[in-house]
Amino acid sequence: MISLLKFSLIFLSVTIFLCMYRAIKGPSIADRIIAINVVNTKVITIIIGVSFIFHETYFIDVALVYALISFTASVLISKVIKES
Amino acid sequence: MKVVLFSIFLISGLFFFAVGTLGILRFPDLYTRAHSSAKCDTLGAFLTLISFCIYNGFNPVTFKIILIIIFIFITTPTATHIIARGNYEKEGDSKNGKL
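None of the values given here were measured: they were computed from a predicted structure.

Chemist: Whenever I open this one, the overall build of chain B confuses me. Can you help?
Modeler: Along its length, chain B carries three helices and zero strands. Each helix and strand of chain B, placed in order from N terminus to C terminus, yields the pattern α-α-α. Taken against the 2.2 N^0.38 rule, which gives 13 Å for 99 residues, the C-alpha radius of gyration of chain B at 17 Å runs more than 25% over that of a compact globule. Within chain B, buried positions represent 35% of all 99 residues.

The following block contains the structure:
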């Protein structure tokens, strides 16, 4: 069970690097923001998995705050796209 | 029983994450990429975090994870929608121009 958890975290890290390819190469700003939005969701999942591996429950609060900050950043950058 | 449920939910969540990433890499347009990233954000995160709830058992940490699931379900499709709509109001469709 713990080995499957570790495999899932490594798999999510590999998919994060694939998303970073789109975030670096993407033709427009909106492509990059969408790729970074997916990366944020994956990072939230990885933080919760790491909290189970290390047996530290306060990482869950870190994941909650990370979700709040990523939503605020996406909304603000989309307003910048609309007004530019 | 717990191991079987955990494995099924986690592997299906990872499958949706992989499919969403493949769509972000391969699709030709912004709007198709937004569609693919919404799959990744809702189904992938929901199934993976439900599998973490099953792994953890029943305690207050599970309640916090369910709060994170509800928050992700509300906010990330909203953010994708706002980005796509902002880009549409600025540039319009790539094939037909602004409707």
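After that view, the rundown keeps rolling.
Chemist: Before we go on, may I ask you to explain the overall build of chain A in this structure?
Modeler: Summing up its helical and strand segments, chain A has three helices and zero strands in all. Listed by position from the N terminus, the elements making up chain A come as α-α-α. Overall, the C-alpha framework of chain A stretches about 45 × 25 × 10 Å when taken along its three principal axes. The contacts of chain A with a sequence gap of at least 6 include a subset with a gap of at least 24, amounting to 43%.

Chemist: Just checking my understanding: could you explain helix α3 (residues 60–91) of chain B for this structure?
Modeler: Residues lying three or four places apart along an α-helix face the same way, a consequence of the helix completing one turn every 3.6 residues. Its 32 residues place the ends of α3(B) 47 Å apart at the C-alpha level, agreeing with the 46 Å of an ideal helix rising 1.5 Å per residue. When the local axis directions of α3(B) are compared, the greatest deviation, roughly 25 degrees, occurs at B:I72. Where α3(B) is concerned, the buried positions are B:I65, B:I68, B:I72, B:T75, B:T76, B:A79, B:T80, B:I83, B:A84, B:G86 and B:N87. Tucked into the core, α3(B) has its buried residues touching α2 (29–54) and α3 (59–83) of chain A together with α2 (30–56) of chain B.

Chemist: Quick question: what am I supposed to make of the packing of α2(A) against α2(B) here?
Modeler: The description of two packed helices rests on the angle between their axes and on the distance between the axes. As a packed pair, α2(A) and α2(B) sit with axes 10 Å apart at the nearest point and diverge in direction by 5 degrees. The pairing of α2(A) with α2(B) is recorded here as roughly parallel in orientation. Counting all contacts with α2(A), which are made through A:A30, A:D31, A:I34, A:N37, A:V38, A:T41, A:T45, A:I48, A:G49 and A:F52, the residues of α2(B) involved are B:L30, B:R33, B:A34, B:S37, B:C40, B:D41, B:A45, B:T48, B:L49, B:F52, B:Y55 and B:N56. Grouping the constituent residues of the contact of α2(A) with α2(B) by class yields twelve nonpolar, seven polar and three charged.

Chemist: Where do I start with the interface of chain B and chain A in this structure?
Modeler: Much of the literature gives interface size as the accessible area that the parts lose upon coming together. Listed per partner, the contact involves 40 residues of chain B and 36 residues of chain A. Put simply, the parts of the chain that give the side of chain B that touches chain A at least two residues each are α1 (2–26), α2 and α3 of chain B. Considering each element in turn, the side of chain B that touches chain A owes the most residues, 17 residues, to α3(B). Here the side of chain B that touches chain A is built from residues that sort into 24 nonpolar, eleven polar and five charged.

Chemist: Hey, could you run me through the environment of B:R85 in this one?
Modeler: Along the chain, B:R85 turns up in helix α3. Each C-alpha atom of the pair B:R85 and B:Y31 lies 9.6 Å from the other, and the pair is 54 residues apart in sequence.

Here is what the cut-offs are and how they apply
Residues numbered from 1 in each chain as written. Chains lettered and ligands numbered in written order. Predicted model: local features only at pLDDT ≥ 70, side-chain atom pairs only at ≥ 80, totals over all residues. Helix = DSSP H or I, 4+ residues; strand = E, 2+ residues; numbered from the N terminus. Rg over C-alpha atoms; globule rule 2.2 N^0.38 Å. Buried ≥ 20, exposed ≤ 12 C-beta atoms within 10 Å, placed from the backbone. Contact = placed C-beta atoms within 7 Å. Expected span 1.5 Å × (residues − 1). Bend = angle between axes of the 7 residues up to and from the residue. Axes fitted to C-alpha atoms, helices over the stretch in contact; angles between N-to-C directions. Parallel < 35°, antiparallel > 145°, perpendicular 65-115°, else oblique. Nonpolar A, V, L, I, M, F, W, Y, C, P; charged D, E, K, R; others polar.

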